[in-house]
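Breakdown of the fold
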Amino acid sequence: MYSEWRTLHLVIKNDQGHTSVLHSYPENVGREVANAVVRPLGQALNAPSIAASESILKTDKEVKWTMEVICYGLTLPLEGDTVKYCVDVYTDWMMALVAPKDSIPQPVIREPNMYIQIILKHLQNVFVPRQEPIANQIRHCHQVLRAVQKLAKDSTNIARETWEVLLLFLLQINDTLLAAPTVTGGIAENLADKLIGVLFEVWFLACTRCFPTPPYWKTAKEMVANWRHHPAVVEQ
């Protein structure tokens, strides 16, 4: 049906939306900046108070600079709290399209679609396999996937461009983890059922609200065929 349409493989391959300005600096510089900048944001969200305090970020410039730091922070080793704080902040901000609250910066609330498109590209870094114990990474991945599910199910203000970025995000993280070869007992085996389940659920929601164009269907068809060695993919 879609044989004459181009796939989006090149679009996905060439997209550098998951990289940060800090990747241009020495590793110790990026690590120190990320640790220092992300900590107060994460601690504010995790404070044992009745309601999260108002965000310290007030302008577009402040938010976009901070997002460059968070993007880098998501690539750091999992020991410590920096990656956790990055995931906490971004999954909180994603709710700007569901139920805006004080902890979300006003620029994100004013232009949620634009910011969430950037956030989704940065969150690809959470799903890159690491040479570390996988328990923390699995927890972070589940947190992101739950936020994506809630965004797709509960928001009534998602723009077409955001739906398209969301579908590409899900295709890409599935392909990152589920494409061959698979490491026995690795993160892919642990996440396969959740990954493919969220992809299909969000895809069906997109069909009812913002029907994907033919290149998305063709790309999905080819990618899913490459994941069928996972029992969870066949079962789903």
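Residues numbered from 1 in each chain as written. Predicted model: local features only at pLDDT ≥ 70, side-chain atom pairs only at ≥ 80, totals over all residues. Heavy atoms only, no water.

A few points about the overall build of the chain
In terms of helices and strands, the chain carries 11 helices and 0 strands. Overall, the chain shows an N-to-C arrangement of helices and strands of α-α-α-α-α-α-α-α-α-α-α. Its C-alpha atoms give the chain a radius of gyration of 18 Å, near enough to 18 Å, the size a compact globule of 236 residues would have. Each of the three principal axes of the chain carries a C-alpha extent, and together these read 50 × 40 × 35 Å. A burial count over the chain gives 47% of its 236 residues as buried. Taking contacts inside the chain between residues at least 6 apart in sequence as the whole, the part at least 24 apart equals 76%. When the accessible area of the chain is evaluated, it comes to approximately 11900 Å², of which 55% is carbon and sulfur surface. Across the chain, the centroid of the 22 positively charged side chains sits 2 Å from that of the 24 negatively charged ones. (Helix = DSSP H or I, 4+ residues; strand = E, 2+ residues; numbered from the N terminus. Rg over C-alpha atoms; globule rule 2.2 N^0.38 Å. Buried < 20%, exposed > 50% of the residue type's maximum accessible area, 1.4 Å probe, protein only. Contact = heavy atoms within 4.5 Å. Areas by Shrake-Rupley, 256 points an atom, 1.4 Å probe, with all protein chains shown as cover. Lys, Arg positive; Asp, Glu negative; His and termini not counted. Charge placed at Lys NZ, Arg CZ, Asp CG, Glu CD.)

Comments concerning the layout of surface pockets
In this structure, the largest pocket occupies an estimated 260 Å³ of space. In terms of lining, the largest pocket is formed by 16 residues, of which the most central are Pro129, Val183, Gly186, Ile187 and Ala188. Looking at side-chain class alone, the lining of the largest pocket contains 9 nonpolar, 5 polar and 2 charged residues. Put simply, the second largest pocket is a space of about 170 Å³. Lining the second largest pocket are 11 residues, and of these Leu45, Asp88, Thr91, Asp92 and Lys101 lie nearest its centre. Elements with a minimum of two residues in the lining of the second largest pocket: helix 4 (82-93) and helix 7 (135-154). Across the lining of the second largest pocket, the residue classes break down as 4 nonpolar, 2 polar and 5 charged. (1 Å grid on protein atoms, 1.4 Å probe; cavity = no way out; pocket = protein on both sides within 12 Å on 5 of 7 lines; lining within 4 Å. Points joined across faces, edges and corners; volume = space filled by probe spheres on them. Nonpolar A, V, L, I, M, F, W, Y, C, P; charged D, E, K, R; others polar.)

Looking at the UniProt feature "domain: Ral GTPase-activating protein subunit alpha/beta N-terminal" (unreviewed entry) in the chain
UniProt records the feature "domain: Ral GTPase-activating protein subunit alpha/beta N-terminal" (unreviewed entry) for residues 134-236 in the present numbering. From the first C-alpha to the last, residues 134-236 spans 24 Å; its make-up is 77% helix and 0% strand. (UniProt positions renumbered as here; feature names shortened; annotations may be inferred.)

What to know about the pattern of salt bridges
Side-chain pairs of opposite charge can arise where the charged atoms are in close proximity. Scanning all chains against the criterion turns up 8 salt bridges. The closest approach of N and O atoms between Arg31 and Glu27, which form a salt bridge, is 3.8 Å. Taken as a pair, Arg31 and Glu27 lie in helix 2 (residues 27-46) at a separation of 4 residues, close to a single helical turn. Owing to a relative accessible area of 57%, Glu27 belongs among the exposed residues under this scheme. (Salt bridge = Lys/Arg side-chain N within 4 Å of Asp/Glu carboxyl O.)

What to know about the side chain of Asn113
Along the chain, Asn113 turns up in helix 6 (residues 112-122). Side-chain polar atoms of Asn113 contact the backbone nitrogen of Ala159, separated by 2.9 Å. If sequence neighbours within four positions are ignored, Asn113 has contacts with Leu97, Asn157, Ile158, Ala159 and Thr162. (Polar contact = N/O pair within 3.5 Å; in protein donor to acceptor, adjacent residues only side chain to side chain.)

Description of the nonpolar core
Ranked by size, the top nonpolar core spans 75 residues in total, and within it Trp93, Phe127, Val148 and Phe169 carry the most contacts. Ranked by the residues each element gives to this core, the list is headed by helix 9 (residues 187-209), at 12 residues. Every residue in contact with Phe169, bar those within four places of it in the chain, is listed here: Leu120, Leu123, Gln124, Phe127, Val144 and Val148. (Core = buried A, V, L, I, M, F, W, Y, C linked by side-chain atoms within 4.5 Å.)

Details of the packing of helix 6 against helix 8 (residues 160-178)
Following both chains from N to C, one finds helix 6 and helix 8 inclined at 10 degrees, their axes separated by 9 Å at the closest point. When the interaxial angle is binned, helix 6 and helix 8 end up roughly parallel. Where helix 6 approaches helix 8, its residues Asn113, Ile116, Gln117, Leu120 and Lys121 are matched on the opposing element by Glu161, Thr162, Val165, Leu166 and Phe169. Taken together, the residues of the contact of helix 6 with helix 8 sort by class into 5 nonpolar, 3 polar and 2 charged. (Axes fitted to C-alpha atoms, helices over the stretch in contact; angles between N-to-C directions. Parallel < 35°, antiparallel > 145°, perpendicular 65-115°, else oblique.)

Remarks on helix 2
Its 20 residues give helix 2 an end-to-end C-alpha distance of 27 Å, which sits within 8% of 28 Å, the value for a rise of 1.5 Å per residue. When we look at burial in helix 2, the residues that qualify are Gly30, Ala34, Val37, Val38, Leu41 and Gly42. Check the buried side of helix 2 and you find it contacts helix 3 (60-73) and helix 4. (Expected span 1.5 Å × (residues − 1).)

Structural notes on helix 4
Over its 12 residues, helix 4 runs 17 Å from end to end, which matches the ideal 16 Å to within 8%, given 1.5 Å per residue. Among the 12 residues of helix 4, 11 are classified as buried, and the element is accordingly described as predominantly covered. In this fold, the buried residues of helix 4 make contact with helix 2, helix 3, helix 5 (106-110), helix 6 and helix 7.

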